[in-house]
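# Fold and geometry: a report
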Amino acid sequence: MDDKGKKGKKVGADGLTKKERRALKVETEKSTEINKSSTIEKLSHPKKHVIPPPVSDNNKRVDPEQRTPAKSSSNVDTVKAVISQNTNRKDAEKSEKISAASELSKAELKAQRRAVQEAQRQAKASQKVVTNDNQTPKNNIRSNAAEPPKRISPKKDLEKSPTKHRVQLFHHLYIEDFQVQSLKKYTINKDIHPAFLQLGAQYLSRSILGSNARCLAMLSALKTLIDDFQTPPKQEFCRSLESTLKTSMNHLKTCRPFAVSMTNALRRFKFFLTQIDTNLTDGAKQSSLQKRIDKYIEEEIVIAGQAISNEVNKKISDNDIILIYGYSSLILQILIDAEKAGKKFRVIVLDGRPLLEGREMLRRLVCANIECSYLLINAVSFVMGRVTKVLLGAHALLANGYVMSRTGTAQVALVANSFKKPVLVCCETYKFCERVQTDSFVYNEIADPDKVVTVDVSEKSSYLLNWRNNNYLTPLNLMYDVTPSDFVTAVVTEIAVLPCTSVPVILRMRPVE
Amino acid sequence: MLSESDVESYFLNILNKENDVSVSVAAIRTLMEIIKRGGSGTVQGLVEDLKRGMEITKNTNYPSAAITSSCELFRRFITLSINDSNTFAQCQNVMLDRGNLFLNKLNASRDKIKKLASQFIIDGCRILTHSRSRVVLHTLIEAAQQNKYFEVFVTMSAPDDSGERMYNDLREHKIQCTLITDAAIGYIMESIDFVMVGAEAVVESGGIVNKIGSYTMALSAKAMNKPFYVLTESVKFSRLFPLNQGDLPDEYKYLSVKRSGDLSKEHPLVDYTPPSYITLLFTDLGILTPSAVSDELIRLYL
Amino acid sequence: MLEMELYSDVIKLISDIRHSKLHNSYDIAIHTEKLIEKLISEGKWNSAEDLMTLIKLRITRFANALPQEATSVNIMRHILKIIRDEYDSGFKNKGEGQQSAHHLGSTTMDDCEDYSKVLPSLKSSLLDNLAEYKVELESSADNIAAQALEHIHANEIILTVGKSSTVEKFLKYAAKSRKFQVVVVEAAPRFLGHLMASNLAKNNIETTVIPDSAVFAMMSRVNKVIIGTHTVLANGGLRAESGVHMVALAAKHYSIPIMVLAHMYKLSPMHLCSSEQDAFNICASPADVLPYSSGPLLDKVHVYNPVFDYVPPELVTLFISHQGGNAPSYVYRLLSELYHPDDQEL
C-alpha cells in the first residue's frame, strides 16, 4: 500500500481517504458480526506495523517511540484487524453465552490490553519518528476507541519528564507534557482552516518572528478565513464565525503563546464583530469586516510606524552613532527613513544568541547603504563609550512602564544607562498592554534548548551536545526579558514622545473594547 | 633674630617676586630663613621660633590649608633627627641640610607627578579643570610637549577669577582651551572625558580640600560617570579628618582678616570633597586610590 | 644573535604562549617560575644587581612581545622583590629601617640603592625562597577552593561566566558538602561556558546554561556571582573576559555580591589609562562573530571581537586569594607587599 503520508493522496471532506472511509464502514459492520474474518484479507500488512497512537487535535503528549512510518490507512485497518482477530480467536467460545455487545466490550478490553503489549513490543523495535504531513489526517473517531491503551505507555515518560531537564524557576512556563515542540509532532485538526494550520506551523518552527510580523500574519490568515467562511445552515454569521475563530485561535495558542500585539488585534476584531450591522447580507458583512481589518492594519501598524519614524528622525543628527539590538521592523524603517532624509550616521548592531536576528537586520541595513558595525552582546561595554544614542524595539509595553522585549534588550539598556547614553524605545500604541510585570520570570516563553547548544561559527562543536544524557545539565533558552522603566529615557509612540511612566495614560486614551 | 614683621615681609616678598612659587614652598623657605638666622641660640628656642613663624605665615592673606600641612611636615622632618647631645651649631647645620633636602624633594615632586599624569592624557580627550593649579598646568604643558592633541575647559572660579589666569597660561603654551562659568559645570560634564584638579590639602579620609566649587564638580562628575583625578604633591597631606563641610577648620575656609568678624555671611574659600567622589590621586609617592592615602599619611607622619 | 641566546628562554616562553601551548594562567605561572629558577641556578651572574638586570631585561622583552599577558611579568616582578629582600636581610642593611617621615628625604638618597655587593649565600637562599614560592603557586588554587564553604551556603543559586579552572575547583569543593545550583553564562563567541557547564554537571552539580543575552533576566534570582579574572589592576578593577562588565552591572543593579577569585600573580600594578582601551584590550578574529559564510556582507561591515572587558572596582565586592578575602580598596596594599615600588613601572 502506498504511504498515506505522501502529498498526492486525495482527502475527502471529512478528512478521510477512500480507504479509511471504507475501513470505518467495515468496523461498524464488524461490531455486529464478530466472527467475520474476511476483513483480514483486505489488509496487506497485518501485525507488521505498530499500532499508531491516534492523536486528538489537542496535541496530547506523543511518545516518539510509538510513532510509525506513515502507513496510517493500513495501520488503521490493522488496529481493527488485530482487535477483531483477537476477539475472534480468544472469545469465540464465549460468543455463545454472552451477547455480541457485551462480548465486544470484554473482548475489546482484552484486545486493548493485547494491543498495548503489542504496541510496547513494537515500540522497542521501531526507531524513526513519523513525519506527519499536513495532509495526513488523523482520524478522530479512531482515537476514541484506542485512546485508553495509548495513554498507558506515554505515562512512563510523563513520570520522568516533569523534573528532568527543566529549570525549576521556569517550571510554570514549560508546556505540559512537552519538552520541546517541534514541527515533527505537528498535529492536524480537520476543523481548522488550512491558512491557520500553515500559520501555526510557521509559528512553531519560528519562521515568523517579531511581534508586528506575527500580528500581520495572523490578520491576513483571518482575512482568508472570513473570505472562505460559509455560514453553516441555521446559524448566525457572527456567532459561527466567532466559534470557528475560537478553535483556530486555540490551535495557534498551542503552537506558540500569543504575542501581545496579536491579543490586542484579536480583541479589536471581536469588537468589530459585535459592532457589525446585522441587517447586512453575509457577503456584505464579510467585506465590511475585511475593510475594518485593513483599516486597523493601516492605522495601527503602517501609519503609526511612519509617525514614529518622523518623531525619531528629529532626534537623529549628523555624526550620530546609533546602537541597536537584534531585529525590529520599526527600527529598520526608522533608520532607512533617516538615511533617505540624507542624514549621515553610523549604526552599531548588537546581536544575541541563539536567535541571531541581528544578522538579518545587518543585511537589510547594508542594502540600504547605511554604514554598520556588528558585534555580539558581550562586547556592549566595549562600544558603549562611543555611542551617542540607543534605539530599541519592543514586544510590548506594560502598564507599569516596563518594556518587554527580546532577551538581551534589558542588558543593553542597563549598560547604556551606566554610560549615561539616552535610550529610546520605539513602540506602536497597539502593543501596550494592561499587564504588569516586574521581572522576567512570571511571564515568558521557553524556546528550544538545543538552539543554545548548537554553535554555527566555530569549527569545533559545542561540549554540550550530549546534554540530554546528563540529568544535571539544562540549557535554557528564554525568548523575552523585561526592562525596568528607569533605564529608558523616552518611549516614542505615534501619539507622543513619552516618559516610560506615562504608559497608563495611553492605555486610558485608547478606545475601550 | 627675626621679628614678626620681618618674617611676614620675607614670606610675602617671595610670593610677590617669584611667579611660579607655590605657597608651601614660600612658607618652607621662610622657615629655612628663620633657622639660618639662628635666633635664641638654643634648639628649643629655634623650634619655638619655627612654630611662631608658621603662625605668622598662616595669618597672611593666602589660603592656609597648603601652608599648614607643608610646614607641619617640614618641621617634623627636620626635627626628627636632632640629638640632644649635639651642639646648637651642629643641630642647625643638620636642620639646614635636611631642610634643603626637603625643598629639593619638593621641587622634584612636580616632575614625578607630571610623568604619571600625562600618561592618562590621550589624543582627542577633553579635560575639565577647576581654578588655577600649578601642578595641573605643568602636567598639561608636559602633555602638549609630547605632541598630544587635547582640549581643556577651565572654570572661571569666582570670587578671585583665578581660572582666567590659568586660561591665559594655557593659551601661552598654545593649548586649546575654553573658559566656562562655574554654573556651566553640569552642562559641560556630559561631553568631557575626565576631570583633573589640584588640591590644597589631602585629608586623612582620602578626600581633598580645594578651591570652592571642586565639590560641585566632583558631584557632577560622579553623576555622569566621569573619572575625577587629583594631582597633588605629598607635602599637602594633612592629618585632618573633616566629617562634612561644616567640620572644616575656619582657618582653612576664610582669610585671616575676615576671621575676626562675623563668619556666617562670609563666603568660604575652600570646600571638602569626600573620597567616594575621587577616582585616583596622582602624587610623587605614586598613583594612589583614596583608600591608600591613609596608609601613606600614617607612614609620612610617624 | 647574541641577544637571542641571551633571551632564548623568554623567547621560548613567548612563543609557547602565542601558539596556545600554555592555556591557563596557572601553566604560564609555573613555567615562568621554572624559567627564573633555571636562570638563578645556571645563569651567569655575580651580584644581586647583575641578576636583577637580567630579570629586568626579560621583563621588558616579554612586555614588549605580549603586553596583555601580565602573569609572567608579575611573577618576575615578585621574584625581583624576593631578591631585594634576601639581599637586604643578608646584609642587615637597613638598621633604622623606617620607611617613615624619612620617606620624603630618604627616597632621594636611596633611589639607586646599591645591590652590587656580592653576597655568597644569595644563590642558595634565593633558590630556597623560590622553592617555597613554587609550592605557594601550586597550592594556590587549592587554598582558594578550601575557602569555598565560607562563601557558599545551601540552596544557593550561583552565577558564573565562561570557564575558570579556579572557579571550577571552588565550586566542586563546595559541592562535596553543600547542595546548590549553578547558572553558567555561555560567554560567546568562545563558548567556554559550555565546557564549564559540562564539567560541573559531571560532578553532579545542577547546572543551567544560558546565553549572554539572558543574564539580566536571570540575575534577580541569583544569590551570588563568582567569577575568575585575567588580571587585577592597581585600582582594584579587573581586566576580565568580555561580557563580565555587563554581568557586574546587572549584579550591582540587584545588589548581588560579586566575588572574584584571583591568584596573587594576577595582581598587576597597571592602571587603566584611557576609556579607549588602546593598550588594554585586544581583538580576536571577527570570524567568530560573523562567519565567512555571510558572504558579500563581510566587506561592507566592521566586525569586532574584543577579548577583554574593564570592570571598575566599585562593582567588585570581594577578592578571594589564597590568603583570604580582601576588599578592592585594599589591593594597593597587596601590591606594595608583592612588588617593590621601583619595579612597578617596568
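Residues numbered from 1 in each chain as written. Chains lettered and ligands numbered in written order. Predicted model: local features only at pLDDT ≥ 70, side-chain atom pairs only at ≥ 80, totals over all residues. Heavy atoms only, no water.

## Section: the domain arrangement of chain C
Residue and element names in this part refer to chain C.
- Splitting chain C by domain gives domain 1 (1-89 + 118-138) and domain 2 (145-338).
- Contacts between domain 1 and domain 2 engage 16 residues on the former and 18 residues on the latter.
- Looking at the side of domain 1 facing domain 2, the largest losses of area belong to Gln-68, Asn-74 and Lys-81, adding up to 40% of the total buried there.
- Linking domain 1 with domain 2 are 0 salt bridges, by the criterion used here.
- In this assembly, domain 1 and domain 2 are joined by 5 residue pairs in polar contact (both at pLDDT 80 or more).
- Counting only elements with at least two residues in the side of domain 1 that touches domain 2, the list comes to helix 3 (25-42), helix 5 (70-91) and helix 7 (122-146).
- Sorting elements by how many residues they give to the side of domain 1 that touches domain 2 places helix 5 first, with 7 residues. (Domains from an automatic or database assignment. Contact = heavy atoms within 4.5 Å. Buried area = accessible area lost by both parts, 1.4 Å probe. Salt bridge = Lys/Arg side-chain N within 4 Å of Asp/Glu carboxyl O. Polar contact = N/O pair within 3.5 Å; in protein donor to acceptor, adjacent residues only side chain to side chain. Helix = DSSP H or I, 4+ residues; strand = E, 2+ residues; numbered from the N terminus.)

## Overview of the nonpolar core
- In this structure, Phe-170 of chain A together with Met-219 and Val-225 of chain C are the most contacted members of the largest nonpolar core, which totals 86 residues.
- With 7 residues, the single largest contributor to this core is helix 12 (residues 244-253) of chain C.
- Once you skip the residues sitting within four places of it in the chain, Met-219 of chain C turns out to touch Leu-159, Val-225, Val-247, Ala-250, Ala-251, Tyr-254 and Ile-256 of chain C.
- Judged by nonpolar contacts, the second largest core, of 58 residues, contains Ile-35, Phe-153, Ile-180 and Leu-288 of chain B. (Core = buried A, V, L, I, M, F, W, Y, C linked by side-chain atoms within 4.5 Å. Buried < 20%, exposed > 50% of the residue type's maximum accessible area, 1.4 Å probe, protein only.)

## Section: the confidence of the model for chain A
All names here are of chain A.
- Across chain A, the average pLDDT comes to 75, with 66% of residues at 70 or higher.
- Contacts from residues 1-8, a stretch scored under 50 in pLDDT, to residues over four places away or in other chains number 21 contacts.
- Long-range and interchain partners of residues 127-162, a stretch whose pLDDT sits below 50, account for 62 contacts in this model, where long-range means more than four residues apart. (pLDDT = per-residue confidence, 0-100.)

## Comments concerning the sheet that holds strand 8 (residues 270-273) of chain B
All names here are of chain B.
- Strand order in the open sheet made by the 3 strands is 5-6-8, with antiparallel pairing throughout. Every interior strand has two partners, whereas the edge strands, strand 5 (201-202) and strand 8, have only one.
- The sheet contact formed by strand 6 (residues 208-211) and strand 8 spans 4 bridges and is antiparallel. Bridge assignment links Asn-210 to a residue of strand 8, and that residue is Asp-271.
- Across the sheet, helix 9 (residues 214-223) lies against strand 6 and strand 8, angled at about 30° from strand 8, the strand it touches most. (Pairing = 2+ DSSP bridges. Axes fitted to C-alpha atoms, helices over the stretch in contact; angles between N-to-C directions.)

## Examining the confidence of the model for chain C
All names here are of chain C.
- Mean pLDDT over chain C stands at 85; residues scoring 70 or higher make up 92%.
- Scored below 50 in pLDDT, residues 94-112 shows 26 contacts in the model against residues more than four places distant or in partner chains.
- Confidence estimates for the predicted assembly give a pTM of 0.81 and an ipTM of 0.89.

## Considerations on the domain arrangement of chain A
Residue and element names in this part refer to chain A.
- Partitioning chain A into structural domains gives domain 1 (181-300) and domain 2 (318-455 + 466-509).
- For domain 1 and domain 2, the distance between their C-alpha centroids amounts to 28 Å.
- Note on domain 1 versus domain 2: buried area summed over both sides is about 1400 Å², and carbon and sulfur give 43% of it.
- Applying the counting rule to domain 1 against domain 2 returns 3 salt bridges.
- The salt bridge involving Arg-206 is made with Glu-445; its shortest N-O contact spans 3.2 Å.
- Where domain 1 touches domain 2, the interface holds 11 residue pairs in polar contact (both at pLDDT 80 or more).

## Some remarks on the packing of helix 3 of chain C against helix 7 of chain C
Residue and element names in this part refer to chain C.
- Contact geometry of helix 3 with helix 7 gives a least axis separation of 10 Å together with a crossing angle of 170°. As the angle between them shows, helix 3 and helix 7 are arranged roughly antiparallel. Contact residues: Tyr-26, Ala-29, Ile-30, Glu-33, Lys-34, Ile-36, Glu-37, Ile-40 and Ser-41 in helix 3; Lys-123, Leu-126, Leu-127, Leu-130, Tyr-133, Lys-134, Leu-137 and Glu-138 in helix 7.
- Here the residues of the contact of helix 3 with helix 7 are counted per class, giving 10 nonpolar, 1 polar and 6 charged. (Parallel < 35°, antiparallel > 145°, perpendicular 65-115°, else oblique. Nonpolar A, V, L, I, M, F, W, Y, C, P; charged D, E, K, R; others polar.)

## Thoughts on the interface of chain A and chain C
- Across the boundary between the two partners, chain A contributes 53 residues, which contact 53 residues of chain C.
- Together chain A and chain C conceal approximately 4600 Å² of surface at their shared face, both sides included; 67% is due to carbon and sulfur atoms.
- Among the residues of chain A in contact with chain C, Asn-378, Phe-382 and Tyr-472 of chain A are the three that bury the most area, contributing 16% of the side total.
- Joining chain A to chain C, the criterion identifies 2 salt bridges.
- Here Asp-439 of chain A ties to Arg-221 of chain C by a salt bridge, and the two come within 2.7 Å at their closest N and O atoms.
- Summed over the shared surface of chain A and chain C, the number is 19 residue pairs in polar contact (both at pLDDT 80 or more).
- Within the residue set of the side of chain A that touches chain C, elements represented by two or more residues are helix 12 (358-367), strand 3 (371-376), helix 13 (380-383), helix 14 (409-418), helix 15 (450-453), strand 8 (473-475) and strand 9 (480-483) of chain A.
- In the sheet, strand 8 of chain A pairs with strand 3 (residues 206-210) of chain C via 3 bridges, with the strands oriented parallel. Counted as the bridge partner of Leu-473 of chain A is Thr-207 of chain C from strand 3 of chain C.

## Considering the pairing of strand 2 (residues 345-351) of chain A
Residue and element names in this part refer to chain A.
- Most of strand 2 sits inside the fold, with 6 of its 7 residues counted as buried.
- With 6 bridges joining them, strand 1 (residues 320-325) and strand 2 adopt parallel strand pairing. Its bridge partner lying in strand 2, Leu-323 is registered against Ile-348.
- Relative to strand 3, strand 2 runs parallel, the two being bridged by 6 bridges. Paired with Arg-346 across the bridge in strand 3 is Glu-371.
- With helix 12 bridging strand 2 and its parallel neighbour strand 3, the resulting β-α-β unit is right-handed. (Right-handed = clockwise from strand over helix to strand, strands pointing away.)

## A word on the environment of Met-76 of chain C
Residue and element names in this part refer to chain C.
- On the secondary structure map, Met-76 appears in helix 5.
- Since its relative accessible area comes to 1%, Met-76 is described here as buried.
- Sequence separation between Met-76 and Glu-33 is 43 residues, and the spatial gap between their C-alpha atoms is 7.8 Å.
- Discounting residues that sit within four places of it in the chain, Met-76 has contacts with Thr-32, Ile-36, Ile-55, Arg-58, Ile-59 and Phe-62.

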